[in-house]
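# Structure assessment
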Amino acid sequence: MFLLKELSYAHYLRVFEAVCKIKDVKTKVLSKEQKQEIDNFYKKNYGKKIPYIWHNFMVNLNNKFDVRYISPRIFIKITEKLNSNLDSLIYDKNFIYNIADSANIKVPKKFFCSIKNLFFDSNNNIISREAFYKGMSNIGEVFIKPTQTFNSGYAINCKLINVTEGIDIYSKKRIKDIIEKEYNKDFIVQEKIVCHKSISDIYSKSVNTFSVYTFIWNGEMKIINKPILKIGMNDSVTDFSGIRKEGLIMAIDSQGFLSEFALCINQYKWYSSHPNTGFIFKNHKIENFQKVFEAAKKMHSYIPWLGFCKWDITIGIDGNPVILEIESPGELFPQQVLYKEGFFGEYTEELLSWLKNKK
């Protein structure tokens, strides 16, 4: 857990350094009054002062000061305390199938999966490795991805394949070679999801998804009302947008209307329309978006042992939500940039005070 915390923090430092090269964050410094406000806020709610570096970073990105900006270190501490030691089980991407049926929420159809080198069919029957390769030999177009969160970060090895007579027609490789050289002992083979027209019109080559956060607080299921739409670009079949891979992120309001601009993090460039399709974001509405919140809260209600969850959700061609993944807490950077305010918003003071008393 120590290594995970340090690696996560190192990731944000890399983001910081990358953006600094593009945008000179030193041109604006926090005022004496802003520093005093940060000191007072964190001493009151967190019990001690914090470095100013993250607030300075966010102010220079957003051109807006918010005393409630949360640093990666504090974010990790809060989400660790909210969650339990069930993380390694629940964040395995196979786990979602165990609760989706009970919650009556759609998930992508599963054809095969491997868990700790045990192979399973769509009915969770253990099968031999030979039976797996036989079933994969003419499976057609499917999506394959690692199932442990730390193996699938940045959408690494999440790809579409199309297998006929044991050969992936996209890469011209044997399916056996793909599995044995590119995947570890934990992966899943799923159907290709087609998004609702109001999503695929933006960019149709990837499954564009919403990141939604839920957490349990004071006996109630809460939503962090800062959903993000992630959109692919440049022929990518995944929506991921991070420092290592191009893609767009954008804010979306509770009624489903997109913000005017989307951000490509690794370029730190804002777009008013999709760079490949020319689709204009402003005033575009995602149909049935409210169902995304409802699905996330319902799914979380089936695993109340976890205090904090991040959900990757899309809306299928029929207009209903499709849960793709439950993930580890993830990143707070996109929300604080897109919404120009602290990640936890109105809950910040309470959570900081709670964290202070948990020490």
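Not measured: the values here are computed from a predicted model.

### Observations regarding helix H13 (residues 348-358)
Regarding H13, the residues found buried are Thr348, Leu351, Leu352 and Leu355. Projected down its long axis, H13 shows its buried positions confined to an angular sector of 100 degrees, all on one face. On its buried face, H13 sits against helix H2 (32-45), helix H4 (72-82) and strand S9 (209-217).

### Structural notes on the pattern of salt bridges
All chains considered together, the criterion is met by twelve salt bridges. In this structure, lysine 116 and aspartate 186 form a salt bridge, with 3.9 Å as the shortest nitrogen-oxygen distance. Here the residue lysine 116 occupies a position in the loop between strand S1 (110-115) and strand S2 (118-120), and aspartate 186 occupies one in the loop between helix H9 (175-182) and strand S8 (187-190), the gap between them amounting to 70 residues. Taking the relative accessible area as the measure of exposure, aspartate 186 reaches 3% and is therefore buried. When the shortest N-O distance is used, the salt bridge between lysine 192 and glutamate 141 registers 3.8 Å. Taken as a pair, lysine 192 in the loop between S8 and helix H10 (197-200) and glutamate 141 in strand S4 (residues 140-146) lie far apart in primary sequence, 51 residues in all. Put simply, Lys159, Lys173 and Glu182 are held in one network by salt bridges that share partners.

### Focus: the pairing of strand S10 (residues 220-231)
Counting buried residues in S10 gives nine out of twelve residues, a clear majority hidden from the surface. Both S9 and S10 contribute to a ladder of eight bridges, which runs antiparallel. Bridging from a neighbouring strand, threonine 209 pairs with lysine 230 of S10. Counted between consecutive antiparallel strands, the loop separating S9 from S10 contains two residues, among which asparagine 218 sits at a positive phi close to 55 degrees. Summarising the sheet, S10 and strand S11 (residues 248-251) pair through four bridges and their orientation is antiparallel. Considered in S11, the bridge of leucine 229 is made with methionine 250.

### Structural notes on the environment of valine 189
Looking at the secondary structure, you find valine 189 in strand S8. Residue class for valine 189 comes out buried when judged on its relative accessible area of 0%. Separated by 46 residues in sequence, valine 189 and phenylalanine 143 place their C-alpha atoms 5.8 Å apart. Residues in contact with valine 189, not counting those within four places in the same chain, are Lys109, Lys110, Phe111, Phe112, Met136, Ile139, Val142, Phe143 and Ile144.

### Some thoughts on the sheet that holds strand S5 (residues 159-164)
Strands pair in a sheet through their backbones, by hydrogen bonds, and they do so in one of two ways: parallel or antiparallel. In spatial order, the strands read S3-S2-S1-S8-S4-S5-S6-S7; together these eight strands make up an open sheet with antiparallel pairing. The open sheet terminates on both sides in strands that have one partner only, identified here as strand S3 (126-127) and strand S7 (173-174).

### Re the nonpolar core
Grouped together as the largest cluster of nonpolar side chains are 45 residues, with contacts concentrated most on Phe210, Phe281, Ile286, Met299, Trp311 and Ile323. Breaking this core down by element, the ones donating at least two residues are helix H6 (96-103), S9, S10, S11, strand S12 (262-264), helix H11 (290-300), strand S14 (308-315) and strand S15 (321-327). Once you skip the residues sitting within four places of it in the chain, isoleucine 323 turns out to touch Ile96, Ile105, Lys106, Val107, Pro108, Ala295, Met299, Trp311, Asp312 and Ile313. Ranked by size, the runner-up nonpolar core spans 40 residues in total, among them Val59, Ile74, Ile224 and Ile265.

Definitions and limits used
Residues numbered from 1 in each chain as written. Predicted model: local features only at pLDDT ≥ 70, side-chain atom pairs only at ≥ 80, totals over all residues. Heavy atoms only, no water. Buried < 20%, exposed > 50% of the residue type's maximum accessible area, 1.4 Å probe, protein only. Helix = DSSP H or I, 4+ residues; strand = E, 2+ residues; numbered from the N terminus. Arc of directions from axis to C-beta. Contact = heavy atoms within 4.5 Å. Salt bridge = Lys/Arg side-chain N within 4 Å of Asp/Glu carboxyl O. Pairing = 2+ DSSP bridges. Core = buried A, V, L, I, M, F, W, Y, C linked by side-chain atoms within 4.5 Å.

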